[in-house]
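The primary structure of each chain is shown beneath.
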Amino acid sequence: MTQNPRHAAAGGPSLDRATGGRRSGAAAAAPEGPDGALSHRQIVTILLALMAGMFLAALDQTIVATAIRTIADDLKGLDQQAWATTAYLITSTIVTPLYGKLGDIYGRKKLFITAISIFVVGSVLCTLSTSMTGLAFFRAFQGLGAGGLFSLALAIIGDIVPARERAKYQGYFLAVFGTSSVLGPVIGGFFAGADSILGITGWRWVFLVNVPIGIIALALVTKTLHLRHQRLDHRIDWLGAALLAVTLVPLLLVAEQGRDWGWGSGRSIAAYVVGAVAAALFVVQENRMGAEAILPLKIFRNRTVGVSSAASVIIGMGMFGGLAALPLYLQIVKGASPTEAGLLLLPLTLGIMAGSISSGQIISRTGQYRLFPVTGAVLLTGSLFALHYTAFDTPLWKTMAIMVFFGLGLGFNFQPLTLAVQNAVPPQQIGVATSTATFTRQIGGTIGTAVFLTVLFSLVPERITSAFSTVAPTPEFQAALRDPANAAFAQQLQESQAGGSAAAASGVLQDSSFLSGLDPRLAKPFLIGFSEAMDTVFLVGAIVMVLAVFVLVFLPQVELRRGSAYSARADGEKAAAQAEPGTRGAHGEDGAGPAGRTDSDRTDSGRTGSEVTEPSPAG
């Protein structure tokens, strides 16, 4: 079988089987080693481009997380802030598997550039928001680009770096996340705290700042990201993508609006039915598409992939539940400014970096990865349970100490689970496997954000009312009410029903900014109410993480490959090139080897079914 010309990307080096030589295009990387592996210098050059795109997404997350309370208060929708996050997560989750498939067909560089461009346009649209609904819509568009930034970068690393050596390059990515974790809160806090910059409302720069960063990222990717691409023919499962969207959106919609609609109302039931029917049709469609499915169900039969994916969903729920509640606790309960809240989260970042670096180095030396996800899940469970005991007056140093262990738990899970999935499949499936790992984590994060923030804002009014009944009769609270400086609030309290607690509790969900200027004695019931509601969120997260520990116990230990995917593909090409000249002379046609074995047979080594498109043995 001769190589189909359209299987080789334009500009990428490909094997000329008639001569045994290589054709090199303008965009080709420097010559590879004799085994098809890239040199350290080549890998670092590619990493520069990848880090530019990942920095764009990582910085956006830290900036928005720090500024979201200010944004929601200004747009009069603090209780709707979950949509600004879940809409982003929904779209990025849905398109993540698509990026894996499209990257195999058209090349990951083209898709990476497309993802950055969409992300930048979405950022510009977010600056035009006039309501939380509008912001959620534009964040959804932004998520269409974000879905490719992480998954494509991880897939490219999986292509060019052997599993055992991947930890050596982990520090570069950690530098990106560490830098964004430090700069993001500072930049986000600066923008959120500014009334106006160059005639534009301060918080709108939280999104607008992505434009110059995105332009720099595009320039770096265009200049330095030169990858060899062997095109793999795939059908795109558009129907599967649509059914996945129809499955997720109704269920997340009822998770967000259920407290207003009523969990057993007609609209909620309709959402349940639509989501369930779409989920059933999605499974049917994926089975029908087989290996061409947007989310190939057969890949989950691999024990490592199945266990890792299930654990990623659960860990994503607990992780995003904790990450969504912690900034709110620091800003609302502890009164920290957006900048201060971001900096107070640095122990969490340090924990993530320490966990990732230590696990990566040990895995690189020993090849043993199974211990880290299990240990990380235990740490996450314990940390969330400990956060359950934080009160409105708990010293900050105690909360920050818990954050370190929470971060360690996340660091022990990030790299090892992705590494396990990439190592468990043939090199030709790294794109799909990586997007599957990212997809399952994002599914968990989307569900966790929607559910945990819904639980939080459902409990806040009740807990504030309960706190008012306890605090209002105290001498301190009554003295504060008589203080002339608090006359305006005292009047509002008297005019409201039920002593003002119900009305006040309802109002704080729309705009909590008044708490920062309120007499601490009068703010106490609000702070207690928020704190107790968050305690419940942390407790639910801990219970969820117990399930993750149980699942990860079944994660198998598989020996890590020492060669990269590129090396495996190069070996396959070399073997095919050496076999074909003799084949043609002996048999007068392509395809039959000396032993009567066809190229198609060689192609099937390590893969089966419609997944096979290129002769590349599993490494």
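In this text, all values refer to a predicted model and were calculated from it rather than measured experimentally.

**Q** Please give an account of the pattern of salt bridges that cites residues and values.
**A** It is possible for side chains of opposite charge to pair when their charged atoms get near one another. Going through the model one piece at a time under the given rule, you end up with two salt bridges. For Asp483, the salt bridge goes to Arg521, with nearest N and O atoms at 3.7 Å. With Asp483 in the loop between α16 (475-482) and α17 (487-495) and Arg521 in helix α19 (residues 520-552), the pair connects residues that are 38 residues apart, well separated along the chain. Exposure remark for Asp483: the relative accessible area of 27% places this residue in the partly exposed category. With its nearest N and O atoms 2.9 Å apart, the salt bridge here joins Arg521 to Asp519. Under the relative-accessibility criterion, Arg521 is labelled partly exposed at 33%.

**Q** Got a sec to walk through unusual backbone geometry? Specific residues and values, please.
**A** In this structure, Leu198 takes a positive phi of about 55° despite not being glycine. By secondary structure assignment, the location of Leu198 is in the loop between β3 (196-197) and β4 (200-201). The class of Leu198 is exposed, set by a relative accessible area of 76%.

**Q** I'd like a description of the packing of helix α12 (residues 346-366) against helix α14 (residues 396-424), backed by residues and values.
**A** For any two helices packed against each other, one specifies the crossing angle of their axes together with the interaxial distance. In contact at an axis separation of 6 Å, α12 and α14 are set at 40° when each is read in the N-to-C sense. Relative to α14, α12 is oriented oblique. Helix-helix and strand crossings are classified by hand; for α12 and α14 the assignment is right-handed. Contacts between α12 and α14 involve Pro347, Leu348, Gly351, Ile352, Ala354, Gly355, Ser356, Ser358, Ser359 and Ile363 on the former and, on the latter, Met400, Met403, Val404, Phe406, Gly407, Leu408, Leu410, Gly411, Phe412, Phe414, Pro416 and Leu419. Grouping the amino acids of the contact of α12 with α14 by side-chain chemistry returns 15 nonpolar, seven polar and no charged.

**Q** Explain the nonpolar core residue by residue, including any values.
**A** Core analysis: the biggest nonpolar cluster contains 78 residues, and Leu50, Phe112, Ile116, Leu135, Phe207 and Leu225 have the highest contact counts within it. Here the element with the most residues in this core is helix α1 (residues 40-74); it accounts for 17 residues. Those residues within four positions of Leu225 in sequence are excluded, and the remaining contacts are Ile46, Ala49, Leu50, Lys109, Phe112, Ile156 and Leu220. Of all hydrophobic cores here, the second largest spans 72 residues; its members include Phe489, Leu527, Val549 and Leu555.

**Q** Please provide a residue-by-residue account of the environment of Ile116, values included.
**A** When you line up the elements, Ile116 lands in helix α3 (residues 108-126). Apart from the residues within four sequence positions on either side, Ile116 is in contact with Gly53, Leu56, Leu149, Gly214, Ala217, Leu218 and Val221.

**Q** Describe the confidence of the model for the protein, and please don't skip the residues or the numbers.
**A** Here the protein shows a mean pLDDT of 74. Residues at 70 or above account for 74%. Across the protein, element-level confidence peaks in helix α13 (residues 371-387) with a mean pLDDT of 92 and bottoms out in helix α21 (residues 599-603) with 34. Long-range and interchain partners of residues 1-36, a stretch whose pLDDT sits below 50, account for 73 contacts in this model, where long-range means more than four residues apart. In this model residues 497-501 is a low-confidence stretch, pLDDT under 50, and it forms six contacts with partners more than four residues away in sequence or in other chains.

**Q** Can you explain the packing of α1 against α3? Please cite residues and give values.
**A** Taken N-terminus to C-terminus, the directions of α1 and α3 make an angle of 30°; their axes are 11 Å apart at the nearest point. Overall, the two elements α1 and α3 adopt an arrangement that is roughly parallel. Regarding α1 and α3, the two cross each other, and that crossing is left-handed. Residues Ala49, Leu50, Gly53, Leu56, Ala57 and Asp60 of α1 lie in contact with α3, whose contacting residues are Phe112, Ile116, Phe119 and Val120. Residues of the contact of α1 with α3, tallied by class, amount to eight nonpolar, one polar and one charged.

**Q** Kindly report on α12, identifying the contributing residues and their values.
**A** Three- or four-residue spacings in an α-helix give side chains the same orientation, since the helix completes a turn every 3.6 residues. The end-to-end C-alpha separation of α12 is 30 Å, in line with the 30 Å expected for 21 residues at 1.5 Å each. Taken together, the buried positions of α12 are occupied by Pro347, Leu348, Thr349, Gly351, Ile352, Gly355, Ser356, Ser359, Gly360, Ile363 and Ser364. Residue Gly367 follows α12 closely and has a positive phi angle near 75°.

**Q** Before we move on, could you go through the packing of aromatic side chains and cite the residues and values that matter?
**A** Under the definition given, this model contains seven aromatic pairs. For the pair Phe137 and Phe138, a centre-to-centre distance of 5.7 Å together with 70° between the ring planes defines the contact as edge-to-face. Taking 5.4 Å as the distance between ring centres and 75° as the angle between the ring planes, the aromatic pair formed by Phe550 and Phe554 counts as edge-to-face. Looking at Phe554, the relative accessible area reads 40%, which means it is partly exposed. Ring-pair connections join several aromatic residues into one group, and the members of that group are Phe468, Phe477 and Phe526.

What counts and how
Residues numbered from 1 in each chain as written. Predicted model: local features only at pLDDT ≥ 70, side-chain atom pairs only at ≥ 80, totals over all residues. Heavy atoms only, no water. Salt bridge = Lys/Arg side-chain N within 4 Å of Asp/Glu carboxyl O. Helix = DSSP H or I, 4+ residues; strand = E, 2+ residues; numbered from the N terminus. Buried < 20%, exposed > 50% of the residue type's maximum accessible area, 1.4 Å probe, protein only. Axes fitted to C-alpha atoms, helices over the stretch in contact; angles between N-to-C directions. Parallel < 35°, antiparallel > 145°, perpendicular 65-115°, else oblique. Left-handed = near helix turned anticlockwise from the far one by under 90°. Contact = heavy atoms within 4.5 Å. Nonpolar A, V, L, I, M, F, W, Y, C, P; charged D, E, K, R; others polar. Core = buried A, V, L, I, M, F, W, Y, C linked by side-chain atoms within 4.5 Å. pLDDT = per-residue confidence, 0-100. Expected span 1.5 Å × (residues − 1). Phe/Tyr/Trp six-rings, centres within 6.5 Å; stacked < 30°, edge-to-face > 60°.

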